[in-house]
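Here is what each chain is made of, one letter per residue.
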Amino acid sequence: MAQVDVVVVGAGLAGLMCARTLVAAGREVAVLEASDGVGGRVRTDEVDGHRLDRGFQVLLTAYPAVRVHLDLDALDLHAFSPGVTIRRGGRFVRLADPRREPGSAPQALRVATPRDALALLRWRHRLLAASGQEVATEPQQSTADLLDELGISERLQESFFRPFLTGTFFDPEMTTSSRFTSLVFRTFFRGEVAVPAAGMQALPNQLAAGLPRGTVQFDTRVVGVDGDGVRTDDGHVAARHVVVATDAPAAADLLPAELDPPRPGRATTTLWYGADAPPHRGPHLLLDGDRSGPANTVVVMSEVAPGYAPPGRATIAVSLRHPATDVGRADEAARAQFAGWFGTVTSDLDLLRVDDIPYAQPRCDVSDLTTLQHPVAVAPGRWVCGDHRDTASIQGAMSSGLRAARSILASEGGA
């Protein structure tokens, strides 16, 4: 395509949502992707028959954009259990909503007090009674201060919230904005946490399937944005509008005059293991409430969705508390931690891959979220979308792509 109406740089969730909306409105669109597939940070690879997402990822089914723009039935979702399993005091303890998992209540008292239970129920009721917009505009504070304000005990904060938020936001210090934390927990309360049977890659695949053949061009790296389009390694594509739908660092590199240098993002490291048998049964998220080793969260993904492993094998995702500086040491320490948790069942662990992701999410501290929606229009004919323009989530990515497309159409007097 030498000339189109709109060039979208990047085939992640934001770029695909933007392209789909523009194509539906009759615009000719080219999506230029530097890699060999769609998805951006939401990708799944197969290694020795195991499906490995790029880092531990999940889908929250109550996200508004997900419910409207994805066919959840076609994704063949497999849900996690409605709670978490915490390693605390050398044993596993269930913490779950007693209305969804009644038998968990007695165990929960090992990590939570009756006052904690009341505080959580009050918070849940408040979040579900409010609209998303109301929650998004609440006064901000750090998540640590929010938990103190709610009356959550230090024991529950250290056993559950700190490891859970480390796994969710890569934020062990709990400095994330209370607005974002409340929005995410509101989503947890309203729906399920799940993964597609074929891995998280199924999300961008489904979005891309709605585009005309040839719209997405792979292995095409955009090296610059000029007055009438973009420059690639192979030439030039002219367009009235250019949408940069990359992560924040790449967007700032392409549009240095329009965007401020991004703040450092959140990093994470995930170790993927294969085993002959699952070390833990059930579709559970395991949290290390004892801080007994480098592993912060552990999930036997094949217990959640059997297709993540080949027959007779188990696939295990281990997210570290801090990004690994020495993978060999982290692997050795994680194995020792597993031995303490599960015993000799881990002797057959095979390290399949290490996902070290320097920019896994944009940071969402109080200073970053003066507003939950940053402008997508940055100059005439220049647009930006991605989770860094909304919130660090699948919802944020999809919503920003939709906003960019609608803004383009509005600028032309369209729908």
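Look up a bit, the structure's there.
The rules behind each value
Residues numbered from 1 in each chain as written. Predicted model: local features only at pLDDT ≥ 70, side-chain atom pairs only at ≥ 80, totals over all residues. Heavy atoms only, no water. Helix = DSSP H or I, 4+ residues; strand = E, 2+ residues; numbered from the N terminus. Contact = heavy atoms within 4.5 Å. Areas by Shrake-Rupley, 256 points an atom, 1.4 Å probe, with all protein chains shown as cover. Lys, Arg positive; Asp, Glu negative; His and termini not counted. Charge placed at Lys NZ, Arg CZ, Asp CG, Glu CD. Core = buried A, V, L, I, M, F, W, Y, C linked by side-chain atoms within 4.5 Å. Buried < 20%, exposed > 50% of the residue type's maximum accessible area, 1.4 Å probe, protein only. Pairing = 2+ DSSP bridges. Axes fitted to C-alpha atoms, helices over the stretch in contact; angles between N-to-C directions. Expected span 1.5 Å × (residues − 1). Bend = angle between axes of the 7 residues up to and from the residue. Disulfide = S-S within 2.5 Å.

Participant: Explanation requested: the overall build of the chain in the structure shown.
Facilitator: Within the chain, the secondary structure is distributed over 14 helices and 20 strands. Dimensions of the chain along its principal axes, counting C-alpha atoms only, are 65 × 50 × 40 Å. Of the contacts formed within the chain by residues at least 6 apart in sequence, a portion of 72% connects residues at least 24 apart. For the chain, the accessible surface area stands at approximately 17,000 Å², while carbon and sulfur atoms represent 51% of it. Computing the positive centroid from 41 side-chain charges and the negative centroid from 49, the chain places the two 6 Å apart.

Participant: Is there a simple way to think about the nonpolar core in this case?
Facilitator: Looking at soluble globular proteins, one finds that nonpolar side chains tend to be buried together. Phe160, Phe161, Phe164, Phe185, Val243, Met301 and Ile394 are the most contacted members of the largest nonpolar core, which has 89 residues in total. In terms of residue count, helix H14 (residues 394-411) provides more of this core than any other element does, eight residues in total. Once residues within four sequence positions are removed from consideration, Met301 is found in contact with Phe56, Phe80, Val195, Trp272, Tyr308, Thr315, Ile316 and Ala317. In this structure, Tyr273, Val300, Ile316 and Ala334 belong to the second largest nonpolar core, which totals 18 residues.

Participant: Mind showing me how you'd approach the sheet that holds strand E18 (residues 350-361) here?
Facilitator: Working definition: the strands of a sheet are paired by backbone hydrogen bonds and lie parallel or antiparallel to each other. Strand order in the open sheet formed by seven strands is E8-E7-E15-E16-E17-E14-E18, with mixed pairing between adjacent strands. Looking at strand neighbours, the two that pair on one side only are strand E8 (91-96) and E18, the edges of this open sheet. On average, adjacent strands in this sheet sit at an angle of 25 degrees to one another, irrespective of strand direction. Inspection of the sheet shows strand E16 (residues 295-300) paired to strand E17 (residues 314-320) by five bridges, in the antiparallel sense. Bridge pairing in E17 places Val299 opposite Ala317. Of the strands in this sheet, strand E7 (83-88), E8, strand E14 (266-275), strand E15 (286-288), E16 and E18 are in contact with helix H8 (residues 154-169), which crosses E7 at around 120 degrees. Seen against the sheet, helix H13 (residues 327-342) touches E7, E8, E14, E15, E16, E17 and E18 and runs at an angle of roughly 60 degrees to E14.

Participant: Just to check I follow, could you spell out the environment of Val237 for this structure?
Facilitator: Within the secondary structure, Val237 is located in strand E13 (residues 235-244). On a C-alpha basis, the gap between Val237 and Gly401 in space is 21 Å, while along the polypeptide they are 164 residues apart.

Participant: How should the environment of Ala62 be read in this particular structure?
Facilitator: Along the chain, Ala62 falls in the loop between strand E5 (59-60) and helix H2 (64-69). Put simply, Ala62 and Gln395 are 333 residues apart on the chain and 9.5 Å apart in space, counted from C-alpha to C-alpha. With sequence-adjacent residues up to four places away left out, Ala62 is seen in contact with Arg67, Thr187, Arg190 and Gly191.

Participant: Looking at this model, I keep getting lost on the sheet that holds strand E6 (residues 77-79). Mind explaining?
Facilitator: With antiparallel pairing, the three strands of this open sheet are ordered in space as E5-E9-E6. Looking at which strands have only one partner, the edges of the open sheet turn out to be E5 and E6.

Participant: Sorry, what's going on with H8 here?
Facilitator: Because an α-helix packs 3.6 residues into every turn, residues spaced three or four apart end up facing the same way. Under the 1.5 Å per step criterion, the end-to-end length of H8 is only 20 Å for 16 residues, more than 12% shorter than the ideal 22 Å. Considering bend angle alone, the principal kink of H8 is centred on Phe161 and spans about 35 degrees; proline Pro163 follows within four residues of it. Burial of H8 is extensive: twelve of the 16 residues sit out of reach of the surface. Looking at the residues trailing H8, positive phi occurs at Phe170, about 55 degrees.

Participant: Sorry, what's going on with the state of the cysteines here?
Facilitator: Cysteine pairs can be linked by a disulfide, which is a covalent bond between their two sulfur atoms. Taken as a whole, this structure holds zero disulfides when the rule is applied. For Cys364, which is in no disulfide, the shortest distance to another cysteine sulfur is to Cys385 and amounts to 16 Å. Free of any disulfide, Cys385 has its nearest cysteine sulfur in Cys18, 5.0 Å distant. On the basis of relative accessibility, which here comes to 0%, the residue Cys385 falls in the buried class.

Participant: Whenever I open this one, unusual backbone geometry confuses me. Can you help?
Facilitator: Backbone phi values are negative for most residues with the exception of glycine, while trans is the configuration of most peptide bonds. One non-glycine residue with positive phi stands out, namely Asp48, at about 55 degrees. Tracing the backbone shows Asp48 in the loop between strand E3 (44-47) and strand E4 (50-53). Phi angles above zero are rare outside glycine, and Phe170 is one such case at about 55 degrees. Relative to the helices and strands, Phe170 is located in the loop between H8 and helix H9 (178-190).

Shape descriptors only; they carry no functional weight alone.
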